[in-house]
Amino acid sequence: VLLTLSFQEGGFRFDTGCNNPGGNYVVRGSQLEVSAVRTTTMLCSQKMDDPAAKVESALATIASTLESYSILGDELRLGYPGGELVLKRLSESVTR
């Protein structure tokens with residue numbers, strides 16, 4: 001599943017091609033404060049065996065508990081209680 005994470009004016013959004021979990025954020029040092037987490041509810045998420053739907057569901061759950069971040073090379077590491085979500089930057093020419 002190709003995932004796009006975008007940040008704009010205190011907000012963030014994950015995009016897997018269907019629903020778009022996201023919310024608001026504030027960075028204080030290496031700490032990340034997340035609030036107002038929400039997601040769209042398009043019909044494409046009704047297929048829970050679909051890989052994109054599984055990723056969207058996990059992201060919506062994890063997003064509300066994000067508490068830290070770090071950047072190492074092309075990786076963005078988002079910490080949450082019990083784990084870490086690691087996102088790797090791909091070439092700008094990647095398309096869906």
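Predicted model only: the values in this text are computed from it and were never measured. (Residues numbered from 1 in each chain as written. Predicted model: local features only at pLDDT ≥ 70, side-chain atom pairs only at ≥ 80, totals over all residues. Heavy atoms only, no water.)

Participant: Whenever I open this one, the environment of Ser-70 confuses me. Can you help?
Facilitator: As for its placement among the helices and strands, Ser-70 is situated in strand β5 (residues 68-72). Taking the C-alpha atoms as reference, Ser-70 lies 10.0 Å from Gly-29; in sequence the two are 41 residues apart. Ignoring any residue separated from it by four or fewer positions in sequence, one finds Ser-70 in contact with Glu-75, Leu-76 and Arg-77. (Helix = DSSP H or I, 4+ residues; strand = E, 2+ residues; numbered from the N terminus. Contact = heavy atoms within 4.5 Å.)

Participant: Sorry, what's going on with unusual backbone geometry here?
Facilitator: Negative phi characterises most residues that are not glycine, and trans characterises most peptide bonds. A positive phi angle, close to 45°, is found at Glu-9, a residue other than glycine. Position of Glu-9 among the secondary structure elements: in the loop between β1 (4-8) and β2 (11-15). Taking relative accessible area as the criterion, Glu-9 reaches 79% and is therefore assigned exposed. At Ala-36, a position not held by glycine, the phi torsion is positive, near 50°. With respect to the element layout, Ala-36 can be found in strand β4 (residues 31-38). (Buried < 20%, exposed > 50% of the residue type's maximum accessible area, 1.4 Å probe, protein only.)

Participant: So what exactly am I meant to see when it comes to the pattern of salt bridges here?
Facilitator: Close approach of charged atoms lets side chains of opposite charge pair. Here the structure, examined in full by the defined rule, presents three salt bridges. A salt bridge links Arg-77 to Glu-75, with the shortest nitrogen-to-oxygen separation between them at 2.8 Å. In this structure, Arg-77 and Glu-84 form a salt bridge, with 2.9 Å as the shortest nitrogen-oxygen distance. Three or more residues are tied together by salt bridges with common partners; here these are Glu-75, Arg-77 and Glu-84. (Salt bridge = Lys/Arg side-chain N within 4 Å of Asp/Glu carboxyl O.)

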